[in-house]
There are 4 protein chains.
Amino acid sequence: MGSKMLRGRFKGEMSPKLKEYTSSIDSDKDMFLEDIWGSTAHVVMLARQGIINPKEAARITAALEKIKDAYQKGTYKLKAEQEDIHLNIENAISKECGPNTGGKMHTARSRNDQVLTASRLHLRAESLEIMKNVLELQRTLLGLGEKYIEQLMPGFTHMQHAQPITAGYWLTSYASSLGRDYERLESAYARINLSPLGAGALSGTSFPIDRKYTAKLLGFDGLQEHALDTVSTRDITIELVSAAAILMTNLSKISEDLIIMSTKEFGYIEFSDAYATGSSIMPQKKNPDLAELVRGKTGRVIGALMQILTVTKGIPAGYNRDLQEDRAYLWSSLAAVKNSLIVLEEGLKDIKIDKERMETVTYSDYSTATELANYLVRKEGMAFREAYDLTGGAVKDLISKGKDFRDVKYLSDVLKKEGIDISDKELYDVLDPGKAVYRNNSIGGCSPTEVARMIKDMREAIKERGDRLNGRNLKIEAAKKMTEKAVNELI
Amino acid sequence: MGSKMLRGRFKGEMSPKLKEYTSSIDSDKDMFLEDIWGSTAHVVMLARQGIINPKEAARITAALEKIKDAYQKGTYKLKAEQEDIHLNIENAISKECGPNTGGKMHTARSRNDQVLTASRLHLRAESLEIMKNVLELQRTLLGLGEKYIEQLMPGFTHMQHAQPITAGYWLTSYASSLGRDYERLESAYARINLSPLGAGALSGTSFPIDRKYTAKLLGFDGLQEHALDTVSTRDITIELVSAAAILMTNLSKISEDLIIMSTKEFGYIEFSDAYATGSSIMPQKKNPDLAELVRGKTGRVIGALMQILTVTKGIPAGYNRDLQEDRAYLWSSLAAVKNSLIVLEEGLKDIKIDKERMETVTYSDYSTATELANYLVRKEGMAFREAYDLTGGAVKDLISKGKDFRDVKYLSDVLKKEGIDISDKELYDVLDPGKAVYRNNSIGGCSPTEVARMIKDMREAIKERGDRLNGRNLKIEAAKKMTEKAVNELI
Amino acid sequence: MGSKMLRGRFKGEMSPKLKEYTSSIDSDKDMFLEDIWGSTAHVVMLARQGIINPKEAARITAALEKIKDAYQKGTYKLKAEQEDIHLNIENAISKECGPNTGGKMHTARSRNDQVLTASRLHLRAESLEIMKNVLELQRTLLGLGEKYIEQLMPGFTHMQHAQPITAGYWLTSYASSLGRDYERLESAYARINLSPLGAGALSGTSFPIDRKYTAKLLGFDGLQEHALDTVSTRDITIELVSAAAILMTNLSKISEDLIIMSTKEFGYIEFSDAYATGSSIMPQKKNPDLAELVRGKTGRVIGALMQILTVTKGIPAGYNRDLQEDRAYLWSSLAAVKNSLIVLEEGLKDIKIDKERMETVTYSDYSTATELANYLVRKEGMAFREAYDLTGGAVKDLISKGKDFRDVKYLSDVLKKEGIDISDKELYDVLDPGKAVYRNNSIGGCSPTEVARMIKDMREAIKERGDRLNGRNLKIEAAKKMTEKAVNELI
Amino acid sequence: MGSKMLRGRFKGEMSPKLKEYTSSIDSDKDMFLEDIWGSTAHVVMLARQGIINPKEAARITAALEKIKDAYQKGTYKLKAEQEDIHLNIENAISKECGPNTGGKMHTARSRNDQVLTASRLHLRAESLEIMKNVLELQRTLLGLGEKYIEQLMPGFTHMQHAQPITAGYWLTSYASSLGRDYERLESAYARINLSPLGAGALSGTSFPIDRKYTAKLLGFDGLQEHALDTVSTRDITIELVSAAAILMTNLSKISEDLIIMSTKEFGYIEFSDAYATGSSIMPQKKNPDLAELVRGKTGRVIGALMQILTVTKGIPAGYNRDLQEDRAYLWSSLAAVKNSLIVLEEGLKDIKIDKERMETVTYSDYSTATELANYLVRKEGMAFREAYDLTGGAVKDLISKGKDFRDVKYLSDVLKKEGIDISDKELYDVLDPGKAVYRNNSIGGCSPTEVARMIKDMREAIKERGDRLNGRNLKIEAAKKMTEKAVNELI
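Residues numbered from 1 in each chain as written. Chains lettered and ligands numbered in written order. Predicted model: local features only at pLDDT ≥ 70, side-chain atom pairs only at ≥ 80, totals over all residues. Heavy atoms only, no water.

Caption draft 1: Focus on the interface of chain B and chain A. At the interface, 108 residues of chain B touch 108 residues of chain A. Between chain B and chain A, a total of about 8800 Å² is buried, with carbon and sulfur atoms accounting for 58% of that surface. Counting the surface chain B buries against chain A, the share from its top three residues, His226(B), Arg385(B) and Ile443(B), is 8%. In this structure, the connection of chain B to chain A is made through 14 salt bridges. Among the salt bridges present, the one from Arg180(A) reaches Asp229(B), with a minimum N-O distance of 2.8 Å. Counting every contact that joins chain B to chain A gives 66 residue pairs in polar contact (both at pLDDT 80 or more). (Contact = heavy atoms within 4.5 Å. Buried area = accessible area lost by both parts, 1.4 Å probe. Salt bridge = Lys/Arg side-chain N within 4 Å of Asp/Glu carboxyl O. Polar contact = N/O pair within 3.5 Å; in protein donor to acceptor, adjacent residues only side chain to side chain.)

Encoded structure:
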């Protein structure tokens with residue numbers, strides 16, 4: 001059976017090559033348990049609505065439970081020739097309960113809404129995990145931000161020293177980006193957690209089903225109503241993958257920074273031994289593979305996004321078999337996201353910052369030049385462009401002499417030639433990066449006071465989001481229990 | 001000047017090839033007016049905070065106004081050698097007010113936050129347009145849905161007749177998808193309409209600026225606070241493009257359907273002459289170019305998404321010049337979205353549906369076979385799989401005899417042989433597509449009653465969204481007036 | 001051991017999460033046998049060059065052989081905690097021969113060139129398979145082309161009937177496209193089949209290795225010389241995936257045509273039962289899943305292309321761990337290509353063409369209108385645009401009267417009013433699609449004579465390519481034997 | 001006229017919105033001159049074959065010449081409402097020669113093959129430019145490679161110092177990659193330079209055209225024969241874009257290296273002032289915008305590749321309007337490639353390498369550790385893994401003591417404790433990077449001798465390719481003259 005299922009009107013078997021080709025077991029098996037849950041809820045509802053009788057329903061749900069146990073113990077074997085997990089399970093049920101009873105499980109349902117239900121439940125679980133991991137990484141970043149809130153370091157643009165900042169400011173910038181990633185995930189979740197069950201093949205059903213009840217049993221927040229829309233589209237999946245892809249570009253930025261800052265030349269940071277890797281022939285190496293792989297796995301998620309966008313481009317309404325490919329790289333790419341967040345969080349938590357190196361470097365560049373220009377604007381009423389040109393000239397002079405801003409005396413002489421008279425002390429104050437970072441206290445600026453304020457605000461947002469996330473998880477747990485209870489009450 | 005700007009510490013000119021290569025005027029020019037508005041608000045704020053004096057501010061804003069007028073009249077010429085619109089405008093200002101005054105416009109600002117401000121304002125305008133067009137297309141689809149709410153047509157899966165539905169049901173499925181597209185656009189908008197102005201180069205500024213005030217003058221709903229995060233990332237842009245790409249896959253589905261249904265073979269629909277095109281050598285042709293181009297332009301938006309994801313992958317924190325490329329295909333792809341929505345809406349509004357053809361076809365296929373199987377389940381208490389197999393066998397028999405369900409007599413004989421006794425009248429009722437569509441009244445099903453309910457609900461949602469959209473546009477108009485007023489009050 | 005390998009300078013173990021994260025066993029396992037072959041050739045060469053002694057070499061190669069046997073029998077178990085297949089094998093060797101001997105296998109080699117060697121060997125095998133399948137599909141298409149060389153059918157542009165063609169012409173157009181796909185694959189092959197072995201970590205080695213000898217043992221056509229270039233780049237892989245992606249867009253076109261032409265409305269073709277699938281609830285359905293999946297799997301290959309392009313964008317020279325991700329979707333996407341070619345070839349071979357339907361449809365459209373215009377140009381010396389307008393007007397008239405070109409009388413009257421006098425017989429000849437297709441005998445045109453010529457030429461090209469392909473396979477077989485022989489001669 | 005062209009059978013005008021939407025003038029205008037050439041060759045052939053008379057042909061070609069002159073002088077204005085450049089030109093011709101004569105230009109041709117011809121000619125020109133620029137960049141890289149053939153620098157893997165190499169070796173690795181890029185471009189060229197002219201709308205033509213003759217006049221190397229294949233596919237364009245995208249990933253690697261190596265921390269290289277850019281508010285900045293933009297523009301080409309792959313996915317055979325979008329980002333992305341090659345070549349030519357810094361850094365790391373391990377293998381007959389572990393241990397010891405390999409004494413003591421007795425001199429020789437680089441003289445290794453050999457070989461390949469390229473350009477020039485001559489001989 002199984003391979004012969006769904007071939008009512010055909011003469012003969014399907015070509016073995018085609019059978020193999022059409023199988024989706026590889027991308028289905030991740031949602032095995034979700035399919036069982038979906039079928040259980042469906043059968044409970046069928047009984048409740050009087051569409052099948054409670055005894056049969058009880059036998060089917062018991063069989064489903066048995067398969068679930070076998071699967072969890074690893075004793076259940078999926079048969080590739082049975083096309084997908086859904087037919088695998090249906091076959092097993094029929095074997096268990098006899099075709100007469102087992103054959104009733106699929107009443108008032110189509111594989112179209114069945115598959116969507118299982119995959120929506122799995123998408124939901126993956127989303128919640130990713131969301132949890134984002135919050136965790138944010139928490140770690142804010143902790144580090146607080147720890148290094150006064151630690152001077154160069155701020156970069158074009159990878160050149162631009163203006164002095166603090167390590168706390170740098171690290172919290174990542175947390176800030178991740179906040180938007182979280183918002184996108186949460187926004188996608190609102191569309192993910194809607195029940196497709198009951199959409200049927202494309203037009204609903206003539207059986208008196210109760211879609212709201214199955215949605216409740218499965219912990220959905222509502223229904224995706226229009227049946228034809230439901231079976232024809234995959235935009236909900238694409239939205240999640242796209243939020244994940246954007247998140248990965250943000251993680252790839254963190255990775256790139258970590259890789260560069262842990263070079264011998266930069267020497268700003270060092271991964272702990274537990275988060276670094278060695279070389280197969282160069283025993284002296286300590287490699288930031290963690291960050292390189294996060295950067296590399298960005299490709300996985302962008303690739304998965306392009307894959308599914310390609311699939312959905314230009315196919316007609318109604319279910320088309322192309323849509324089976326919506327999961328081709330889906331679970332693998334979501335796993336990449338989940339795990340990238342975890343290893344990055346772990347690796348960052350243990351990271352060693354070379355405080356002295358960071359500070360020394362900051363004092364030896366010209367990155368407070370903007371401060372000097374700003375000072376001239378404020379103090380001398382100069383136009384910014386004029387101050388800019390003058391300061392630029394001074395820097396050129398210093399470079400040619402091999403000097404930097406720490407040589408206040410020399411600099412003040414240069415400025416005097418331009419008619420600017422500043423006391424050495426004042427000049428020192430203007431140019432001292434340690435003082436400069438405190439002055440940038442515009443909203444969102446690098447001043448430690450402002451950073452502390454942002455940390456506080458972001459923590460509050462995280463707290464709130466974490467609470468909401470817990471609420472979602474609890475609701476799902478409750479739904480599982482409700483399903484169990486309903487099963488038990490069948491007889 | 002201009003080409004020499006920003007070269008304080010350098011000896012000599014930039015290579016002409018490089019100057020051309022680094023220019024971003026092509027992708028900047030669309031946001032010329034937004035840059036003027038951004039600078040105006042900035043200067044007003046500088047004066048209000050006492051950073052520059054009101055007289056100078058008035059001279060600068062007057063000059064900005066003058067340039068704006070020239071631009072709108074088409075008399076202003078952008079100079080490519082001045083790298084971007086921002087330096088073009090700054091140069092013009094300095095020429096107009098003298099470098100002493102003009103040079104003050106850029107106080108307490110960097111090109112980084114300046115460019116972001118202009119591009120955020122333009123993104124916002126484009127988003128609102130796209131949102132408006134989505135609502136418009138939904139309205140038209142719902143209107144059509146109502147008009148054809150009882151018009152029978154085949155429902156397809158795998159492009160094969162599956163179950164009878166109505167044209168109203170089919171058309172409203174598109175409106176339903178578009179509802180999610182709208183939600184995504186609105187969700188992106190929440191992150192788009194935040195002010196980046198005041199982020200400076202990467203760390204805020206030491207000038208006592210008022211970010212909230214400029215945000216208000218520019219009609220933003222709030223601030224994007226963390227300055228380093230603000231200048232380093234483009235996820236907000238990517239999110240919009242990604243929502244647009246998903247929307248386009250939905251439009252490409254509509255297009256595919258329209259193309260196929262307007263073939264000679266299908267003959268279900270026909271574009272009006274104003275929305276069809278001819279051939280350069282085949283005078284008899286009537287081509288659905290409209291739909292083909294919408295399908296084709298999907299590539300533009302997916303390509304733009306891939307382009308910007310590639311740009312942002314793996315670049316370090318802080319502004320990097322790569323980010324200039326965030327607009328490489330941006331405006332062109334958003335224009336494709338805006339216009340695809342418009343032409344599709346126009347083309348659909350006028351579309352001719354061949355009612356007779358649709359109905360005849362529906363009556364001559366076997367698409368109520370599921371209904372028969374369901375009936376056997378309900379009436380005979382058969383397991384669905386058994387009913388499925390039996391019905392499949394009957395269809396096979398009919399096909400081999402060249403008959404269809406309209407030959408109720410023959411079919412009832414076939415069923416009798418299987419021990420099923422149904423009166424001809426009952427069989428007719430079960431198999432009549434016109435009756436069948438009414439029976440599918442599960443939530444989201446194709447029954448006209450249910451479709452009417454969904455139309456009502458979707459219209460309410462559209463109404464609400466339209467109101468919110470109007471509110472946004474009004475707020476922006478008010479902000480423009482507020483800026484004008486503040487400019488007038490400078491002196 | 002194993003998990004501790006390569007951690008010479010580190011204190012403590014790697015984080016378990018990171019170990020799991022960095023593992024590449026999933027994408028490596030497909031090239032297990034190739035890694036064994038690569039190591040065998042390397043060890044034979046080391047002995048031949050006197051770098052290790054022959055006895056040790058013999059022990060190592062014997063151990064490699066043993067592992068290979070175990071693997072082929074399915075008794076070898078890969079350990080995920082040993083990061084990749086290479087360390088798995090190295091560990092097994094050391095266990096088998098003792099660390100003293102086993103530890104010599106990796107002399108004068110790095111994991112960088114080792115992995116590249118295995119993956120190049122596997123890429124090569126996959127390329128050859130794909131090439132073989134392309135030729136097979138072309139052969140089938142040309143066979144069909146010959147069979148239906150005179151079978152009339154409408155030629156489409158914009159999915160509208162444009163000009164009459166033959167089914168043979170239509171089917172050979174696919175074969176023609178595939179010819180270019182083959183060329184691209186063959187061109188990529190020239191860069192794939194070059195040996196990376198001996199590149200070391202990034203700079204070659206100070207051991208006196210013989211790269212040309214290992215290349216010969218492994219059946220490579222030459223060397224990829226520059227070691228730093230070799231380890232830093234993946235353009236060779238990308239090129240293959242990109243050729244495969246382009247090939248898939250061509251297959252997606254075939255699929256789209258097959259899907260549309262097998263709708264009830266078109267009814268031009270029908271898949272045989274062995275190549276069609278059924279529905280889970282609609283027993284009457286016969287679905288072209290085969291073609292839908294080929295179209296859908298296009299996404300897999302395009303996604304894989306985008307994945308690997310993303311990975312390689314902007315990473316520095318030298319090996320970076322990101323590059324491990326070059327195989328993330330690689331084998332899965334190449335398998336999709338291989339199998340799509342196979343099922344399409346099988347499905348097409350058995351396809352049923354409804355000859356009568358195709359012919360009838362062709363006679364009932366206006367698709368010889370261009371012929372009429374051309375005739376007027378030739379016969380009446382009319383300008384083409386004038387003839388075009390006149391013919392267009394006539395078509396408009398016929399449509400309004402519900403007539404088509406078969407009503408020659410009516411048409412000749414219409415033409416007469418425009419001052420054109422053509423005998424009915426001549427008009428019939430001009431407009432008869434069966435005659436028209438024969439007239440288009442410009443090079444590459446649809447005339448059966450011309451199609452026959454193209455079939456002959458394409459068959460010759462296929463023959464030549466097939467011979468070259470065989471030569472490549474034979475060379476590889478010979479290299480395997482040469483390696484075996486060299487192993488046997490070690491002692 | 002124009003807007004009304006091609007509307008023979010329609011009532012009324014096209015919707016203005018749709019007219020704007022369907023216009024392709026933006027992406028066509030780049031190939032204006034090529035369209036003129038294509039039409040000229042076509043008309044000459046029509047006359048030669050007696051399809052139109054020579055006098056009319058002469059009038060048409062004269063008009064084409066006139067339009068060309070106007071266009072080149074900038075006095076010709078394209079009208080957007082005339083859909084594309086082809087109809088613009090056809091209208092201008094009809095105005096110039098009268099519709100009777102002008103209307104004959106389009107005899108035996110369709111817009112399908114006409115557009116393909118113009119775009120193939122332009123693709124060809126762009127390809128040749130890109131190829132030229134690749135050779136130029138290779139030449140510069142090899143020149144630099146020669147100049148710095150003995151300049152020590154650290155070789156990186158994972159951005160960590162791995163083994164000492166030379167700057168010459170590093171720079172030639174880029175030239176080596178570019179060699180494959182060239183091969184891909186040349187391979188694509190073989191398919192690009194084939195004439196589509198004469199394919200007609202989809203099935204050739206019944207006029208006695210001479211496709212080989214027009215191909216000759218247009219400098220094509222042969223024909224793309226099968227007409228339906230020719231008009232249906234765009235794989236030739238995709239292949240070029242894909243070769244270009246791969247090339248850009250290679251350029252993005254060069255860019256990433258240049259950006260990192262020109263940081264203050266690395267200080268290995270410095271762009272000359274003419275190739276660096278400044279900041280709008282930080283006068284001390286010297287930014288490697290050049291390299292950042294090359295890295296960023298990689299997105300443009302990958303995005304364009306994705307765009308066109310999306311367009312061609314799943315559309316049916318025959319011309320579909322979607323295909324117009326094959327040029328949406330095409331010219332812009334090819335321009336990005338051309339110019340990236342140019343600015344990179346210019347910028348590299350002038351680059352300053354800090355020789356002392358590079359050397360000092362190389363001496364102060366542990367990057368000859370592999371050398372030490374190899375030495376122990378050779379000298380002590382140790383297994384490589386044992387030597388690796390021992391060397392790793394020694395490095396760990398040195399790091400903990402803050403020492404490096406320059407402290408030979410200390411190291412030899414450490415080794416003695418492990419029972420290894422090496423004289424200080426020998427140890428020094430083994431560990432000296434200057435000596436080490438010379439030892440890696442396996443094929444493709446970093447030894448200056450080997451690098452010199454590779455430079456010589458690559459130069460020979462470049463010479464040969466350059467000659468072939470010149471040949472192509474000369475052939476095209478000759479074809480232009482041949483067309484002119486044929487035009488002149490018309491009367």
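Caption draft 2: Looking closely at the interface of chain D and chain C. Residue-level contacts link 108 residues of chain D with 108 residues of chain C. For the pairing of chain D and chain C, the buried interface totals around 8800 Å² over both sides, and the portion due to carbon and sulfur atoms is 58%. Its largest share of buried area at the contact with chain C, chain D owes to His226(D), Arg385(D) and Ile443(D), together 8% of the area lost on that side. The interface formed by chain D and chain C includes 14 salt bridges. Summed over the shared surface of chain D and chain C, the number is 66 residue pairs in polar contact (both at pLDDT 80 or more). The element best represented in the side of chain D that touches chain C is helix H11 (residues 235-261) of chain D, accounting for 13 residues. Per-class residue counts for the side of chain D that touches chain C are 40 nonpolar, 41 polar and 27 charged. (Helix = DSSP H or I, 4+ residues; strand = E, 2+ residues; numbered from the N terminus. Nonpolar A, V, L, I, M, F, W, Y, C, P; charged D, E, K, R; others polar.)

Caption draft 3: Up close: the relation of the copies chain D and chain C. Mapping chain D onto chain C calls for a screw motion: a turn of 180° about the axis and a shift of 0.0 Å along it, with 0.0 Å RMSD after fitting. Here the two chains are linked by the operation of a two-fold rotation axis. In this assembly, 100% of the residues forming the interface of chain D have copies in chain C that are likewise at the interface, indicating an isologous arrangement. (Least-squares fit on C-alpha atoms with pLDDT ≥ 70 in both.)

Caption draft 4: Geometry of the domain arrangement of chain A. Residue and element names in this part refer to chain A. As assigned here, chain A comprises domain 1 (2-107), domain 2 (112-212 + 221-354) and domain 3 (369-431). Here the C-alpha centre of domain 2 lies 32 Å away from the C-alpha centre of domain 1. On the domain 2 side, the residues contacting the 21 residues of domain 1 number 17 residues. Interface area, domain 1 with domain 2, both sides summed: about 1700 Å², of which 59% is carbon and sulfur. Viewed at the interface, domain 2 and domain 1 are joined by 3 salt bridges. The residue Arg321 makes a salt bridge to Glu83 at a minimum N-O spacing of 2.8 Å. Here domain 1 and domain 2 share 8 residue pairs in polar contact (both at pLDDT 80 or more) between them. Sorting the residues of the side of domain 1 that touches domain 2 by element identifies helix H2 (25-28) and helix H3 (32-48) as the ones contributing at least two each. It is H3 that contributes the most residues to the side of domain 1 that touches domain 2, 8 residues altogether. A per-class count over the side of domain 1 that touches domain 2 returns 4 nonpolar, 11 polar and 6 charged. (Domains from an automatic or database assignment.)

Caption draft 5: Fine view of the pattern of salt bridges. By the definition in use, this model includes 208 salt bridges over all chains. With a closest N to O distance of 2.6 Å, Arg191(C) and Glu183(D) form a salt bridge. Of this pair, Arg191(C) sits in helix H8 (residues 167-192) while Glu183(D) sits in helix H8 (residues 167-192), on two different chains. A relative accessible area of 26% places Glu183(D) in the partly exposed class. The shortest N-O distance in the salt bridge between Lys19(D) and Glu13(D) comes to 3.3 Å. For Lys19(D), a relative accessible area of 17% gives the class buried. Several salt bridges share partner residues, and in doing so they unite Arg180(A), Asp181(A), Glu183(A), Arg184(A), Arg465(A), Arg191(B), Asp229(B), Asp235(B) and Glu239(B) into one network. (Buried < 20%, exposed > 50% of the residue type's maximum accessible area, 1.4 Å probe, protein only.)

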